[in-house]
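# Report on the structure
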Amino acid sequence: MMNYDELLVWVTMILMLFGMVMVYSASVALPDSPKYANYKNNHFLLRQAMFIVISMVAAALAFRIPVATWQKLAPYLFVATLILLVIVLVPGLGKGVNGAKRWISLKVINLQPSEFMKMFMVLYAADYTVRKQEYMHKLTKGFLPMMAAVAVVGLLLLLEPDLGAFGVIVCIAMGILFLGGINGIWFGGIAATLVGIFTMVIVLSPWRRERIFAYLNPFDEDHALGKAYQLTHSLIAFGRGEIFGVGLGASVEKLHYLPEAHTDFLLAVIGEELGFFGVTAVILLFYFLVKRAFEIGRQAIALDQTFAGLTAKGIGLWIGVQTFINMGVNLGLLPTKGLTLPLMSYGGSGVMINCVGLAILLRVDFENRVLMRGGRL
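Residue positions are counted from 1 within each chain, in the order its sequence is given. pLDDT decides what is reported in this predicted model: residues at 70 or higher carry local features, side-chain atom pairs at 80 or more are listed and counted, and totals for whole chains, interfaces and linings draw on all residues regardless. In computing side-chain properties, one takes all heavy atoms of the structure into account and sets aside hydrogens as well as water.

What the protein chain contains, in helices and strands, is 13 helices and three strands. The C-alpha atoms of the protein chain give a radius of gyration of 21 Å, which matches the 21 Å a tight globule of 377 residues would have. When its C-alpha atoms are laid out on the principal axes, the protein chain stretches across 55 × 50 × 40 Å. Think of it in three bands: with a 1.4 Å probe and only protein chains considered, a residue is buried below 20% of the maximum accessible area for its type, exposed above 50%, and partly exposed in between. Of all 377 residues assigned to the protein chain, the portion counted as buried reaches 51%. Two residues form a contact once any of their heavy atoms are found within 4.5 Å. Sequence separation of 24 or more characterises 71% of the internal contacts of the protein chain that already satisfy a separation of 6 or more. Computed by Shrake-Rupley with a 1.4 Å probe, the accessible areas treat only the displayed protein chains as cover when residues are assessed. Total accessible area on the protein chain stands at roughly 17000 Å², and carbon and sulfur atoms take up 68% of it. The protein chain carries 29 positive and 22 negative side-chain charges, and their two centres are separated by 10 Å. Secondary structure is summarised from DSSP: a helix means a run of H or I of at least four residues, a strand means a run of E of at least two, and numbering begins at the N terminus for each. Here the globule rule is a power law, 2.2 Å times the number of residues to the power 0.38, and the radius of gyration is based on C-alpha atoms. Positive charges come from Lys and Arg alone, negative charges from Asp and Glu alone, with His and the N- and C-terminal ends not counted. Note on charges: their place is set at NZ of Lys, CZ of Arg, CG of Asp or CD of Glu.

Looking now at the side chain of S55. Counting through the fold element by element, S55 comes out in helix 2 (residues 43-63). The term polar contact refers here to a pair of N or O atoms within 3.5 Å; inside protein, the definition further demands a hydrogen-donor-capable atom paired with an acceptor-capable atom, and it admits residues adjacent in sequence only when both atoms are side-chain atoms. In this structure the side chain of S55 is engaged in a polar contact, spanning 3.2 Å, whose partner is the backbone nitrogen of M352. For S55, the residues in contact, after removing those within four places along its chain, are V351, M352 and C355.

Between N-to-C directions, angles cover 0 to 180 degrees, with each direction set by a line fitted to C-alpha atoms, over the stretch in contact for helices. Interhelical geometry of helix 12 (residues 306-330) versus helix 13 (residues 348-372) gives an angle of 145° and a closest axis separation of 9 Å. The element helix 12 and its partner helix 13 pack so that their crossing is left-handed. Contacts from A308, T311, A312, I315, W318 and I319 of helix 12 reach helix 13 at I353, N354, G357, L358, I360, L361 and V364. Asp, Glu, Lys and Arg are counted as charged, while Ala, Val, Leu, Ile, Met, Phe, Trp, Tyr, Cys and Pro are counted as nonpolar; the rest, among them Gly, fall into the polar class. Classifying every residue of the contact of helix 12 with helix 13 gives 10 nonpolar, three polar and no charged. Two helices cross in a left-handed way if the nearer one is turned anticlockwise from the farther one by less than a right angle. They cross in a right-handed way if the turn is clockwise.

Taking a probe equal in size to a water molecule and rolling it over the atoms shows the remaining empty space. Using a grid of 1 Å spacing that covers the protein atoms alone, one calls a set of points a cavity when a 1.4 Å probe fits there but cannot get out, and a pocket when the set is open and has protein on both sides within 12 Å along at least five of seven lines; lining residues are those with an atom within 4 Å of a point. Grid points are joined across faces, edges and corners, and a volume is the space filled by probe spheres set on the points. Tallied over the full model, the rule gives one cavity of 30 Å³ or more. If you add up the space inside the largest cavity, you get close to 40 Å³. The wall of the largest cavity is formed by F51, I54, S55, I109, G348, S349 and M352. Breaking the lining of the largest cavity down by element, the ones donating at least two residues are helix 2 and helix 13. Residue classes in the lining of the largest cavity are distributed as four nonpolar, three polar and no charged.

Here the focus is the confidence of the model for the protein chain. Low pLDDT means the predicted atomic positions in that stretch should not be read closely. Each residue gets a pLDDT score, which is the predictor's confidence in that residue and runs from 0 to 100. Residue-level pLDDT values for the protein chain average 88, and 98% of them are 70 or greater. In the model of the protein chain, strand 1 (residues 94-97) stands out as the element of lowest mean pLDDT, 72, in contrast to helix 11 (residues 266-302), which has the highest, 96.

Turning next to the environment of T81. Tracing the backbone through its elements, the reader meets T81 in helix 3 (residues 67-88). Judged by relative accessible area, which is 2%, T81 ranks as buried. Taking the C-alpha atoms as reference points, T81 and K118, 37 residues apart in sequence, are found 9.9 Å from one another. The contacts of T81, once residues within four sequence positions are left out, are P113, F116, M117 and F120.

Attention shifts here to helix 2. Since the α-helix turns once every 3.6 residues, residues separated by three or four places project in the same direction. Its 21 residues place the ends of helix 2 30 Å apart at the C-alpha level, agreeing with the 30 Å of an ideal helix rising 1.5 Å per residue. Residues of helix 2 that are buried sit in contact with helix 1 (6-27), helix 3 and helix 13. Multiplying one less than the number of residues by 1.5 Å gives the expected span of a helix.

The subject of this paragraph is the nonpolar core. Membership of the largest hydrophobic core comes to 107 residues, with the highest contact counts inside it found for M119, M121, M146, V153, F286, I315 and W318. The leading source of residues in this core is helix 11, at 12 residues. Discounting chain neighbours no more than four positions away, the residues touching W318 are K118, M119, V122, V168, I172, I353, N354 and G357. Only buried residues count toward a nonpolar core, which is a set of Ala, Val, Leu, Ile, Met, Phe, Trp, Tyr and Cys residues joined through side-chain atoms within 4.5 Å.

A word on unusual backbone geometry. Residues other than glycine seldom take positive phi values, yet H256 does so here, at roughly 70°. Mapping H256 onto the fold places it in the loop between helix 10 (229-241) and helix 11. In this structure, D304 takes a positive phi of about 65° despite not being glycine. Relative to the helices and strands, D304 is located in the loop between helix 11 and helix 12. The exposed category is assigned to D304, whose relative accessible area is 66%.

Have a look at this one:
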């Protein structure tokens with residue numbers, strides 16, 4: 001038995017390196033536009049390579065921290081990230097891009113606290129479930145305190161605004177509580193309430209409402225050049241790719257037709273250049289990651305490591321839900337939302353926290369193997 005899951009490491013590396021290649025392909029023509037006129041053709045490639053190196057160092061450090069230490073740190077990391085979410089909203093401190101204030105500028109890179117909150121919500125929800133195990137069937141002591149914490153996070157994210165990240169974080173928290181044995185009736189009732197809240201947020205926001213209508217009929221002439229512009233060009237990219245794609249680097253949609261091709265719509269460029277087979281390969285790689293996370297989590301729980309098991313499953317939920325939403329948006333199955341493809345899309349905070357999350361997953365697997373050998377943690 002090896003000390004770590006070698007295949008999981010290789011799949012993660014393949015996704016990151018393949019993502020770096022596709023980020024370069026999707027962004028190579030951006031300097032031709034006035035917005036990126038001062039950038040070199042390889043600007044985003046070099047930045048993504050730097051992000052990957054930093055992320056690997058951060059992951060190596062995270063792997064060395066025992067799971068028990070992560071459990072002790074979970075509440076403090078959650079509160080620290082809450083403070084960062086508040087700082088983002090402070091005028092002069094938070095950085096805005098395309099009408100949303102989601103970043104804190106650190107000169108070299110921009111820090112996106114909402115990405116960190118996804119990981120730390122996994123740790124906090126897992127720790128909360130373990131601490132409150134005897135109260136999980138009670139509404140006031142078991143469910144409401146956790147929902148209050150999620151509500152505070154949601155309020156801060158909606159002020160940015162970042163409905164996509166809020167949706168992922170709600171799925172993480174609800175999923176871990178469900179796996180931790182929450183009362184089924186309370187779970188169903190709160191889930192229905194959350195659906196109602198999301199519906200009200202969309203109904204009361206004219207521009208979100210317009211996005212929904214545009215998504216339902218993207219090629220309507222009133223939508224195609226407006227709210228559904230990204231979606232229509234994403235669908236055109238997939239259509240052009242057909243089975244085997246037009247060839248690596250040969251995408252037309254990335255030539256200033258498809259906005260944010262190197263971030264939110266990277267899968268569309270993959271679909272155009274590498275076709276159905278390229279997209280299927282990416283889906284299968286992510287499927288392996290999510291499946292492996294749940295297997296590791298199940299093994300940890302079988303070894304009476306409940307926090308480790310819930311954390312592993314929570315990481316699987318996080319990667320799975322975010323991947324599903326990003327792919328669904330690219331394929332026109334879901335309304336357009338600004339969520340990146342984990343490990344692959346351009347961005348420093350996202351890639352780094354994805355790597356840290358998977359490093360913690362590897363640590364859980366490592367400790368499982370130690371225990372199965374009869375060792376001590």
